[in-house]
Amino acid sequence: MDKEVQDWLDEQANEFMVPDIQYLMAGEFDSEDSEAVEPSESGWYSRLSAPGYMDCTDWSGPYDTEEEAAIGLYEMFAE
């Protein structure tokens, strides 16, 4: 992974909103959860999330790899 992306991810780990990168299967979310966006296909998804709180950004993805999902977060949210 690019050093600039890795440095940003490491820096975010100490912030209120931290990276959340997961492999999600299509149909994985409970349809009654109005906050969840149903993934249209399986793959790596990423967002920023505040652990212990309900605050989070929308999922982005799917990406083919975990690294691509991390780069997607960086491109979307790095200043």
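Residues numbered from 1 in each chain as written. Predicted model: local features only at pLDDT ≥ 70, side-chain atom pairs only at ≥ 80, totals over all residues. Heavy atoms only, no water.

Caption draft 1: Looking closely at the sheet that holds strand β2 (residues 43-49). In space, the three strands of this open sheet follow the order β1-β2-β3, with antiparallel pairing throughout. Strands with a single pairing partner mark the edges of an open sheet, and in this sheet they are β1 (18-24) and β3 (60-63). Averaged over all adjacent pairs, the angle separating strand axes in this sheet is 25°, with direction ignored. In terms of strand pairing, β1 meets β2 through seven bridges, oriented antiparallel. Looking at β2, one finds that V18 is bridged to S49. Most of the contacts of helix α2 (residues 66-77) go to β2, to which it runs at about 35°, and overall it touches β1, β2 and β3. (Pairing = 2+ DSSP bridges. Helix = DSSP H or I, 4+ residues; strand = E, 2+ residues; numbered from the N terminus. Axes fitted to C-alpha atoms, helices over the stretch in contact; angles between N-to-C directions. Contact = heavy atoms within 4.5 Å.)

Caption draft 2: Local environment of the confidence of the model for the protein. With 85% of its residues at a pLDDT of 70 or more, the protein has an overall mean of 83. Across the protein, the element-wise mean pLDDT spans from 88 in helix α1 (residues 3-12) up to 94 in α2. (pLDDT = per-residue confidence, 0-100.)

Caption draft 3: The arrangement of the packing of α1 against α2 in detail. Put simply, α1 and α2 touch, their axes get as near as 10 Å, and they point 80° apart. Classified by the angle between their axes, α1 and α2 sit roughly perpendicular to one another. Here E4, V5, W8 and L9 of α1 come into contact with α2, specifically with A70, I71, L73, Y74 and F77. A class-by-class count of the residues in the contact of α1 with α2 yields eight nonpolar, no polar and one charged. (Parallel < 35°, antiparallel > 145°, perpendicular 65-115°, else oblique. Nonpolar A, V, L, I, M, F, W, Y, C, P; charged D, E, K, R; others polar.)

Caption draft 4: Examining the environment of D10 more closely. In this fold, D10 is placed in helix α1. For D10, the side chain forms a polar contact with the side chain of Q6, separated by 2.9 Å. (Polar contact = N/O pair within 3.5 Å; in protein donor to acceptor, adjacent residues only side chain to side chain.)

Caption draft 5: View of the nonpolar core. Judged by nonpolar contacts, V5, W8, L9, L48, A70, L73 and Y74 together constitute the single largest core of seven residues. Contributing elements (two or more residues each) for this core: α1 and α2. If we skip the residues at most four places from it in the chain, Y74 touches E4, V5 and W8. (Core = buried A, V, L, I, M, F, W, Y, C linked by side-chain atoms within 4.5 Å. Buried < 20%, exposed > 50% of the residue type's maximum accessible area, 1.4 Å probe, protein only.)

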